[in-house]
There are 2 protein chains.
Amino acid sequence: MGRKNRAVTGKGAKSAPASRPTIKDVAEKCGVHPSTVSRALSPVMSHLVAPEVAERIRTAAATLGYQPNVTAAGLRTGRSGLIGVLAPDISDPGFPPILSGVTETLNAAGYATIVADVGPDPSRERELVDKLIARGVDGLVLATVVLNDPVVGHCLAASIPVVLVNRSDSGRRLPAVVTDDEAGMRLAVDHLVALGHRRIGHIAGPQDVSTGALRRAGFRAAAARAGLPAQNILIETARAYTRDEGRLAALRLLDRKQAATAIVAANDLLALGIYDALGERGLKCPADLSVVGHNDMPYVDMLSPPLTTVRIAQRQMGEAVARLLLARIADPSTRRERIVLEPILIVRGSTASPGDRE
Amino acid sequence: MGRKNRAVTGKGAKSAPASRPTIKDVAEKCGVHPSTVSRALSPVMSHLVAPEVAERIRTAAATLGYQPNVTAAGLRTGRSGLIGVLAPDISDPGFPPILSGVTETLNAAGYATIVADVGPDPSRERELVDKLIARGVDGLVLATVVLNDPVVGHCLAASIPVVLVNRSDSGRRLPAVVTDDEAGMRLAVDHLVALGHRRIGHIAGPQDVSTGALRRAGFRAAAARAGLPAQNILIETARAYTRDEGRLAALRLLDRKQAATAIVAANDLLALGIYDALGERGLKCPADLSVVGHNDMPYVDMLSPPLTTVRIAQRQMGEAVARLLLARIADPSTRRERIVLEPILIVRGSTASPGDRE
DNA sequence: ACCCTTTATGCAATCGATTGCAACGCCCTC
DNA sequence: GAGGGCGTTGCAATCGATTGCATAAAGGGT
């Protein structure tokens, strides 16, 4: 038995505080029942206990350094105060701002977040969701779903509050906060067309994620709307949102018979890959090729040349999705909401008129 | 009573699985006692139950989709399987690689991590530590401690396994994984001296964190060892590891009567600030000034010019600190260990010989 | 054949906090 | 002065899993 509680300090049993005081210790010290302590310390129940008793309990709790055991409370109430967050890749510089917005908003509401990095193997997603549910999370934020993701149905079946951020599922069966991907591409294309570009390439992201598919469709639509003939719309699809896949796709695009004068990348990491490819081919940006990124991830203003890119409000997305989740937790029957944030174009040095040798 | 369990699906009580099955459900289905189920499903206790019964239980658990309630188990065993990680700032691009190494190693050992972002207000640190302890974390990873941090004593008093990463406390009272900050500065200074620099500046980090103080001391020592006279060693101290503080410190340094021909920054974010300051003053790097960073955070190879910097093995640090923590949890009496990783210099385009106009 | 060991399972307490219900005492009213 | 009501507090069950101990069944030895 009790090899755990009350670590014996020396030999004499003088005063062995050791492990954290429990509600019982506070109750004994005050000569009241534990339930009274519980009520006194709960903002919503404290009206049930006499003010002076409550005060006595509060000071006793403070002097003992009592902190309620969240695990025990969680077992009883069925709420853990934990939110699970599934990230595609923590090391992707685009993610921390979202995460930051999520955790800050949730912390303010008394929740802690468990962040799980799914990584390249998508089958881990389901596994991680199950692990998080087993940990009793009160809700999930998924930044990882692909179109037609089976995990969506799984979450629905588990009837646990779930919200999506940045990406959405094809059926739109879950509430989500996303940016207007198509509008973002329109900003990029219109900017290039205004500069005089007539042959524009696109490096699309993976087509199984909503941003990849929507941005590609958005690019096509924007280019057509700008009056570019179909043969002047060049598209290569990257297999992942990574710098290296961007480089490979850019090389494919550059090797086409009729090269584009500008490339719009589906995200900034892919744009970095374009820079790499340009270096390999001995081409200069923006003199030989204009480049537009997407996301405005940190420090792309420091690149050479500074990257023109479509800025999405990542921190705001994080905050919005957290609020959405809190609303769902408070009332799971709330209408499935979908918040679409408008991106803006940040013009920097990577775009110029074609043939404009500065 | 049960407003929680078994959400009623329709009217007929035909089959209402709804909320997750408990160990009791599995036991009933198998006609055994819950304790037998518990034993059968525990790798360490399963030898106590007959192999065929264990097998039956396992399949029943699988078909029911049973996952043990971690909260309940945690309450009983006193272990939560949670590790708290305190980060100075998740949005700092230097941190994700460390975090990635930590979480991956801990996940492999069955732990989940709660990441808390302390932010600029250091008093939140203590508060967050208490919150994490109240959540029953089995251990803490602190990437936030300052020299003489009161939180160190607090953790020691709470007798909870704690390890430090990247930074250490002044008394070295806690196990830590750090890099050899002084060696890193020696690499940087020696490189610049070899290029012919004789007046070298340093933008130091905050002096209340170990990296800031050690790197400054390391810089001084390396410069003296290289034979630079004291008046040729110029130091400005930044108030925080941010791009903007770096910019301000760089401007102060550039305004000195006798300007340096090279600056070593205490970290890459500060180096970014130097780039900004150079832009403001119309100076070119490396022609007018060589710059060396520290940390080799992601994508500094894409800057213009690509940043010469001291690379620290951040991912490895994360992995090492996780292993250290696991060892402490397994046996809290293990000797307080301190792991020092050796940095290497990555030479890129931001350093050149003084007066070398390419 | 009997007893003693070994093996497998059941029983019940426990972790710490929460909460519906019961009970107590007090005050007010008629 | 008795009864009703309200404001406080205590009691005990509960959440779900774990584990020391008890017990039952099976096996082995003489």
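Everything below is about the structure shown above.
The structure presented is a predicted model; accordingly, all values stated were derived computationally and were not measured.

A. Looking closely at the nonpolar core. V141 of chain A together with V141 of chain B are the most contacted members of the largest nonpolar core, which totals 50 residues. Elements represented by at least two residues in this core include exactly strand 1 (82-87), helix 5 (95-108), strand 4 (162-165) and helix 12 (314-330) of chain A together with strand 1 (82-87), helix 5 (95-108), strand 4 (162-165) and helix 12 (314-330) of chain B. The contact partners of V141 of chain B, leaving out residues within four places of it in the chain, are I83, G84, V85, L86, V102, V163, V165, V321 and L325 of chain B. Listed in part, the 46 residues of the second largest apolar core include V145 and V162 of chain A together with I114 and V151 of chain B.

B. Main features of the relation of the copies chain B and chain A. Of the transformation placing chain B onto chain A, the axial shift is 0.1 Å and the rotation is 180°, giving an RMSD of 0.1 Å. In the structure described here, the two chain copies are related by an operation that fits a two-fold rotation axis.

C. Seen up close, a nonpolar patch on the surface. A cluster of nonpolar side chains, V44, M45 and L48 of chain A, forms an exposed patch at the surface whose accessible area comes to about 300 Å². Counting through the fold element by element, L48 of chain A comes out in the loop between helix 2 (34-41) and helix 3 (51-64).

D. Highlighting the protein's contact with DNA strand D. In the vicinity of DNA strand D lie 25 residues, with T36 and A50 of chain A together with I23, S35 and R76 of chain B positioned nearest. Within the contact set of DNA strand D, a base nitrogen lies 3.0 Å away from a side-chain nitrogen or oxygen of R39 of chain A. In this structure, a base nitrogen belonging to DNA strand D sits 3.1 Å away from a main-chain N or O atom of A72 of chain B. The set of elements that each furnish at least two residues to the surface near DNA strand D consists of helix 2 and helix 4 (70-77) of chain A together with helix 2 (34-41) and helix 4 (70-77) of chain B. With four residues, helix 4 of chain B is the single largest residue contributor to the surface near DNA strand D. Counted by class, the surface near DNA strand D contains eleven nonpolar, nine polar and five charged residues.

E. Here's a closer look at the packing of helix 6 (residues 123-134) of chain A against helix 7 (residues 150-158) of chain A. All names here are of chain A. Close contact between helix 6 and helix 7 brings their axes to 10 Å; oriented N to C, the two are set at 20°. Classified by the angle their axes make, helix 6 and helix 7 are roughly parallel. The way helix 6 lies across helix 7 gives a crossing that is right-handed. In this structure, helix 6 uses E125, R126, V129, D130 and I133 to contact helix 7, whose residues at the interface are V151, H154, C155 and A158. When its residues are assigned to classes, the contact of helix 6 with helix 7 shows five nonpolar, one polar and three charged.

F. Inspection of the packing of helix 10 (residues 243-254) of chain A against helix 11 (residues 268-281) of chain A at higher detail. Residue and element names in this part refer to chain A. The contact between helix 10 and helix 11 brings their axes to 7 Å, and the two run at 55°. The pairing of helix 10 with helix 11 is recorded here as oblique in orientation. The two elements helix 10 and helix 11 meet at a crossing, and its hand is right-handed. Within the contact between the two elements, helix 10 uses R243, E245, G246, R247, A250, L251 and L254 and helix 11 uses L269, L270, L272, G273, I274, D276, A277, L278, E280 and R281. For the contact of helix 10 with helix 11, the class distribution of residues is nine nonpolar, two polar and six charged.

G. A look at the interface of chain B and chain A. Taken together, the contacts link 44 residues of chain B with 44 residues of chain A. Summed over both sides, the interface of chain B with chain A buries roughly 3,700 Å², with 59% coming from carbon and sulfur. For the pair chain B and chain A, the number of links is two salt bridges. In this structure, the salt-bridge partner of D301 of chain B is R243 of chain A, at a minimum N-O distance of 2.7 Å. For the pair chain B and chain A, the interface holds eleven residue pairs in polar contact (both at pLDDT 80 or more). For the side of chain B that touches chain A, the elements supplying multiple residues, two or more each, are helix 4, helix 5, strand 2 (112-117), helix 6 (123-134) and helix 11 (268-281) of chain B. Per element, the largest residue contribution to the side of chain B that touches chain A is six residues, and it comes from helix 4 of chain B. Here the side of chain B that touches chain A is composed, by residue class, of 23 nonpolar, 13 polar and eight charged.

What counts, and at which threshold
Residues numbered from 1 in each chain as written. Chains lettered and ligands numbered in written order. Predicted model: local features only at pLDDT ≥ 70, side-chain atom pairs only at ≥ 80, totals over all residues. Heavy atoms only, no water. Core = buried A, V, L, I, M, F, W, Y, C linked by side-chain atoms within 4.5 Å. Buried < 20%, exposed > 50% of the residue type's maximum accessible area, 1.4 Å probe, protein only. Helix = DSSP H or I, 4+ residues; strand = E, 2+ residues; numbered from the N terminus. Contact = heavy atoms within 4.5 Å. Least-squares fit on C-alpha atoms with pLDDT ≥ 70 in both. Patch = residues over 30% accessible without salt bridge, like charges linked within 9 Å, V, L, I, M, F, W, Y side chains within 5 Å. Areas by Shrake-Rupley, 256 points an atom, 1.4 Å probe, with all protein chains shown as cover. Salt bridge = Lys/Arg side-chain N within 4 Å of Asp/Glu carboxyl O. Near = heavy atom within 4 Å. Polar contact = N/O pair within 3.5 Å; in protein donor to acceptor, adjacent residues only side chain to side chain. Nonpolar A, V, L, I, M, F, W, Y, C, P; charged D, E, K, R; others polar. Axes fitted to C-alpha atoms, helices over the stretch in contact; angles between N-to-C directions. Parallel < 35°, antiparallel > 145°, perpendicular 65-115°, else oblique. Left-handed = near helix turned anticlockwise from the far one by under 90°. Buried area = accessible area lost by both parts, 1.4 Å probe.

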